[in-house]
Every structure is written in structure tokens, then in C-alpha cells.
Amino acid sequence: MQIVLKDFTKTFDGNTVIDRMNLTVRDGEMLALLGPSGCGKSTTLFAICGIHRVNGGQILFGERDVSNMPSQQRNVGVVFQNYALYPHMSVFDNIAFPLKVRNDSKADIARDVRTIAELTHIAELLGRRPGQLSGGQQQRVALARALVRKPDVLLLDEPLANLDAKLRLEMRSEIRRIQLETGITAILVTHDQVEAMSMCDRIAIMKGGQILQIDAPKDMYHNPRTSFVAGFLGNPP
Ligand code: ADP
Ligand code: MG
């Protein structure tokens, strides 16, 4: 589903952190929000998922204006760096949780958990507890839990930040594979330019609450419009 931010504005205690941002995330694409720490990436993601209220502008999911809709009523899947699994529940129950909240039948839950567990390659781990899993496996469970309700958009906030270098490489391609196989619209927040370039269809470079440039990775790398963008991509003029 296409996601549109129209003049999105966010203030904290009178401080404008995002000032009239416009952004279109195309249906089925994976878009990176890339920029240095504090530039407003997470704030943008939190507004899209409904954790933060907007102070101005609109957020559209397709034709639907969700700006004033509580988080539970927006059909979003989220994987955040610190969005932990429930440690006392099995992997199955962790993934099933969003479906139980929705009162799905037991048979539907069993079928949907199995399908998403196969897609994320954790079908043999459903009986375990999160504490009995590696970091990469836990991340797969978090992805499965985020995707099991077939959300309109998948929001990923620095999802690989807590993984070691080898796992990070593996999970980059796994997250991309899962996004392509499901065809879900996804937004990846990261400060890592290699992650953004290797995983995403397009990159939006942010600085100080503004989007400086939005382009496919290659186009941006070869035609950066500002020296900031060039420097950030490691290709200084
Ligand atoms: P990023 O994710 O790009 O590192 P954030 O979106 O977290 O940046 O933060 C953008 C700016 O908004 C920062 O200056 C940060 O201090 C400020 N900010 C974020 N959340 C809050 C909050 N809850 N209260 C006050 N200021 C905040
Ligand atoms: Mg952040």
C-alpha cells in the first residue's frame, strides 16, 4: 500500500523537529530513511505507526487518512531495536499474540503462524522460548510477529543494530528476501549507508528533520545533489 506524508510536522515541547516533510513510499517498495543520529528518522516512523501524534499535516495509507487514528487501528507491523519478544511465551505464542488480540479462531491462528514461520525459516523453533534462541533467530521471530497480521506497511527501526557483523550481513539479505516474497511496503530506518544501499529500492536522505534527496541507491551515489549527501554515502565530490 502506498504511504504518503503530507506536510508532516512534529514538535516536542515547542521545538519543531520535523517541519512540513513530504514523502511518498510507493506500494511494494522498501524505502530507507537514512541519516545521522538525531535527524528525525525514528520520530517519522513513530508518527507513521501512531505512537506519536502529528502536530501538523497528514499521514495517508492508500486513500485513508490515519493521522488521528490510534496505533491499534492502523494495520502496521513494527520491528524496533528494543521491541523485545515476550520472554515467558513460546515462539508460537509470541507470533500468535497479535492474532489472539484480534480474536481469530484457533485453527486460523495455527495456520497463519505456521505459514509465516515457514516464510521466516523458524518453523522448527515454534516450541522454544526466546531465551533459547540466537540473536538472529530472535530477529526472525520479531519479523514473523510483525508480519503475521498481513500489515499494510512494515516499519523497521535499526533492526540490525544489536547483531554482530556476520549476523547483520545474513539478516540484511533475509529481511530483503522476506520483503520481496511478501511484496509488503516497508520503511527501514538506519544510519548505515551500506545497509540502506544493499537492502532498499530507494533511499531518502535526512538531515535536521528534512529530506534532502530521495532516489534509487545507484542514482544517489552517482548524482548526489549536495555535498552532505555525497559525504554521507562515502562518495565525496
Ligand atoms: P533519529 O531516529 O534520527 O536518531 P529521533 O527521531 O529519535 O532521531 O530524534 C529527532 C530529534 O527529536 C532529536 O533532536 C531528539 O532529541 C528529539 N526527540 C525525539 N523524541 C523526543 C521526545 N520524546 N521528546 C523530546 N524530544 C525528542
Ligand atoms: Mg532513531
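To be clear, the structure that these remarks concern was listed above.
Predicted model, so just to flag it, every value in this text is computed and none were measured.

1. Comments concerning the pairing of strand β3 (residues 30–34)
When you tally the buried positions in β3, you get five out of five residues, the bulk of the element. Neither face of β3 is left uncovered, since the one carrying Met-30, Ala-32 and Leu-34 and the one carrying Leu-31 and Leu-33 both have all their residues buried. Bridge count between β3 and strand β8 (residues 185–190): five bridges; the pairing is parallel. Along β8, the bridge assignment pairs Leu-33 with Val-189. Sheet analysis places β3 next to strand β9 (residues 202–207), joined by four bridges and oriented parallel. Residue Leu-33 lies in a different strand from β9, and its bridge partner there is Ala-204.

2. What about the sheet that holds β9?
Spatially, six strands are ordered β6-β7-β8-β3-β9-β10 in an open sheet, and the strand pairing comes out mixed. A strand with exactly one partner marks an edge of an open sheet, and here the two such strands are β6 (76–80) and β10 (210–215). Between one strand axis and the next, the sheet turns by 15° as a mean value, whatever way the strands run. Bridge analysis of β6 against strand β7 (residues 153–157) gives five bridges, and the strand direction is parallel. Bridging from a neighbouring strand, Val-76 pairs with Val-153 of β7. Of the strands in this sheet, β3, β6, β7, β8 and β9 touch helix α1 (residues 41–49), which is tilted by about 150° from β7. Against the sheet, helix α4 (residues 135–147) makes contact with β6 and β7, and its axis sits at roughly 160° relative to β6, the strand it touches most.

What counts and how
Throughout, residues of each chain are indexed from 1 in the direction in which the sequence is written. Chains and ligands are labelled sequentially in the order written, the chains with letters from A and the ligands with numbers from 1. Only residues with pLDDT of at least 70 get local features here, since the model is predicted, and only at 80 or more are side-chain atom pairs given and counted; chain-wide, interface and lining totals rely on the full set of residues. Residues with at least 20 neighbouring C-beta atoms inside 10 Å of their own are called buried, those with 12 or fewer are called exposed, and the rest are partly exposed, where every C-beta is derived from the backbone. Counting from the N terminus, the helices are the DSSP runs of H or I reaching at least four residues and the strands are the DSSP runs of E reaching at least two. Paired strands are those between which DSSP finds at least two bridges. Note on method: axes are straight lines fitted to C-alpha atoms, helices fitted across the in-contact stretch only, with angles between N-to-C directions ranging 0 to 180 degrees. Distance between backbone-placed C-beta atoms decides contact: two residues are in contact if it is within 7 Å.

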